[in-house]
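Report on the structure
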2 protein chains.
Amino acid sequence: MPSSASTPEFRPFVTWQGIIDWAQSHYRDRIFNKDEKIPTRPGLLYLVHRGAVRLVGSALASGSDNPTASDATDKVFLGFVGAGQPLEIVAQSPFNFQVYAHVEQTKVIWMYWEELDNWPHLRREVLEIFRYQHQRKLLWLCIVGQKRTTERLISFLKLLIEEYGEASDRGYCLPYPLTHAQIASAIGATRVTITRLMGKLRQQGIISIQEENLICWLTER
Amino acid sequence: MPSSASTPEFRPFVTWQGIIDWAQSHYRDRIFNKDEKIPTRPGLLYLVHRGAVRLVGSALASGSDNPTASDATDKVFLGFVGAGQPLEIVAQSPFNFQVYAHVEQTKVIWMYWEELDNWPHLRREVLEIFRYQHQRKLLWLCIVGQKRTTERLISFLKLLIEEYGEASDRGYCLPYPLTHAQIASAIGATRVTITRLMGKLRQQGIISIQEENLICWLTER
């Protein structure tokens with residue numbers, strides 16, 4: 001399923017090696033364990049050098065008539081950022097974004113936006129990738145707006161697998177595990193519903209679950 | 001409420017006038033009536049010169065076990081693009097985006113991305129705005145992921161008013177009308193629920209509806 005529409009990739013190998021060296025010598029890189037929180041600050045640009053990170057958001061609504069309920073936050077899975085991809089977080093009350101290493105040994109580099117002026121080629125690529133990510137989030141919003149949960153689930157899995165999927169014997173598999181709770185948070189459903197629907201999709205031979213809990217979209221059925 | 005976090009604005013007045021002249025002499029501008037569909041094609045960049053456009057998306061899920069139901073599309077309101085702002089549409093099956101003039105006499109300019117190379121300053125600003133819009137869509141996804149509809153509605157209205165709101169006597173008002181059905185589609189609720197909740201927010205003095213059906217967020221209450 002991945003096609004010409006898949007993520008634009010960094011190709012400035014020389015630049016990239018230059019960045020890695022620069023980050024190392026300036027103590028701007030760090031390795032994180034799986035599910036470790038990556039500290040992020042607005043105004044900084046992050047580059048995932050190795051592994052993948054998971055972006056999670058939460059909103060704390062104010063102005064509600066029910067202060068007790070509004071204290072509770074719902075954590076929403078907002079997507080992956082894979083190796084070679086940039087990331088930035090603009091915290092904005094009452095919203096809050098968190099970034100977690102999604103796999104072991106995830107390595108992240110960070111820099112100030114102004115520092116990016118030293119690598120104009122990289123800067124342009126970073127902006128092109130945000131342009132692309134913006135389009136992906138529009139698709140995501142389209143999906144979330146669908147009324148039937150089955151439709152949302154199918155479209156959501158396709159969106160992720162189209163972007164991150166790796167070819168396997170029988171189809172394309174997400175290279176990272178994704179829990180039913182994470183899927184549920186992303187498409188406005190309950191964990192229980194997602195578990196039930198995922199079972200149904202498996203029975204229908206639309207998806208399969210590979211070892212280490214990876215979701216695969218089957219192409220031949 | 002609009003603050004430093006509000007939309008970055010085009011400031012290259014000279015460039016902007018140059019674009020307008022270029023568009024006119026190359027037949028690349030057109031004026032649309034309210035709710036008229038603006039034809040868009042992937043690969044083209046659109047600039048809203050005057051007025052505002054409304055972005056609407058729909059998904060047609062395939063692979064479902066219920067072909068009749070999956071023929072139905074849900075139209076989802078995905079936001080406004082105001083004067084001086086860029087827009088692009090990357091159509092991708094099974095998703096479909098439509099752009100409509102949201103107010104009378106909306107004027108739109110279009111060009112190929114390659115043509116933008118003639119205005120490197122504008123190109124950079126366009127990419128910066130897409131970077132900004134990407135962050136706004138992350139906030140939007142956060143909102144849509146909240147469990148309680150009231151929280152979603154309050155956060156959503158704040159998001160829009162923060163971005164587009166204009167100061168009035170008692171608060172900040174959206175400069176464009178927005179129907180309950182459009183709000184409902186954006187935050188995964190029914191039209192009836194939105195109508196009920198909007199009534200409640202008005203009673204509580206959190207919002208008011210000004211003439212021509214404009215939603216205002218009241219600051220003093």
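Everything here concerns the structure above.
Here the residue numbers are simple positions, counted from 1 along each chain's written sequence. Here every chain gets a letter starting at A, and every ligand a number starting at 1, in the order they are written. Totals for whole chains, interfaces and linings use all residues, but because this is a predicted model, local features are given only for residues with pLDDT of at least 70 and pairs of side-chain atoms are given and counted only at 80 or more. Heavy atoms throughout the structure, all of them, feed into the side-chain values; hydrogens and water do not.

1. A few points about the interface of chain B and chain A
Interface size is commonly expressed as the accessible surface area that is lost when the partners come together. Our working definition: It only takes one pair of heavy atoms within 4.5 Å for two residues to be counted as in contact. In short, buried area is how much 1.4 Å probe accessible area vanishes from two parts on joining, totalled over both. Salt bridges, as used here, are contacts in which a Lys or Arg side-chain nitrogen is within 4 Å of a carboxyl oxygen on Asp or Glu.
Contact residues are listed per partner, giving 56 residues for chain B and 56 residues for chain A. Here chain B packs against chain A, burying approximately 5,200 Å² in sum over the two surfaces, 57% of which is carbon and sulfur. It is Arg131(B), His134(B) and Leu141(B) that lose the most area in chain B upon contact with chain A, and together they represent 12% of the buried surface on that side. Inspection of the region where chain B meets chain A yields 4 salt bridges. The closest approach of N and O atoms between Arg123(B) and Glu128(A), which form a salt bridge, is 2.6 Å.

2. Details of empty space enclosed by the protein
What counts here: Of the grid points, spaced at 1 Å and generated over the protein atoms alone, those admitting a 1.4 Å probe that cannot get out make up cavities, while open sets with protein on both sides within 12 Å along at least five of seven lines make up pockets; any residue with an atom within 4 Å of a point is treated as lining. Grid points are joined across faces, edges and corners, and a volume is the space filled by probe spheres set on the points. Numbered from the N terminus, helices here are DSSP runs of H or I no shorter than four residues, and strands are runs of E no shorter than two. Segmentation into domains, and thus their bounds, comes from an automatic or database assignment.
Under the counting rule described, the total for this entry stands at 2 cavities of 30 Å³ or more. Around the largest cavity, the lining is made up of 17 residues, and of these Leu78(B), Phe80(B), Gln133(B), Lys137(B) and Tyr164(B) lie nearest the centre. When contributions to the lining of the largest cavity are tallied by element, the ones reaching two or more residues are α3 (120–144) of chain A together with β5 (76–82), α3 (120–144) and α4 (149–164) of chain B. Split by domain, the lining of the largest cavity shows at least three residues from each of two domains, domain 1 (1–135) and domain 2 (145–221) of chain B.

3. Some remarks on the sheet that holds strand β3 (residues 44–50) of chain A
All names here are of chain A. Test applied: In short, DSSP must find at least two bridges between two strands for them to pair.
Ordered by their spatial adjacency, 4 strands build an open sheet running β1-β8-β3-β6, and the pairing between neighbours is antiparallel. Two strands bound the open sheet, and with one partner strand each, they are β1 (29–32) and β6 (86–87). Sheet analysis places β1 next to strand β8 (residues 106–112), joined by 4 bridges and oriented antiparallel. Paired with Arg-30 across the bridge in β8 is Val-108.

4. Quick look at the nonpolar core
Here is the rule: Among buried residues, the Ala, Val, Leu, Ile, Met, Phe, Trp, Tyr and Cys ones that are joined through side-chain atoms within 4.5 Å form a nonpolar core. Only protein chains enter the accessibility calculation, which uses a 1.4 Å probe; a residue is then buried when its area is under 20% of its type maximum, exposed when over 50%, and partly exposed in between.
Ranked by size, the top nonpolar core spans 103 residues in total, and within it Phe156(A), Ile183(A), Phe156(B) and Ile183(B) carry the most contacts. Apart from the residues lying within four places of it in its own chain, the contact partners of Phe156(A) are Phe77(A), Trp140(A), Ile143(A), Leu178(A), Ile183(A), Ala186(A) and Ile187(A). Counting residues in hydrophobic clusters, the runner-up holds 32 residues, among them Ile19(B), Leu45(B), Trp113(B) and Phe130(B).

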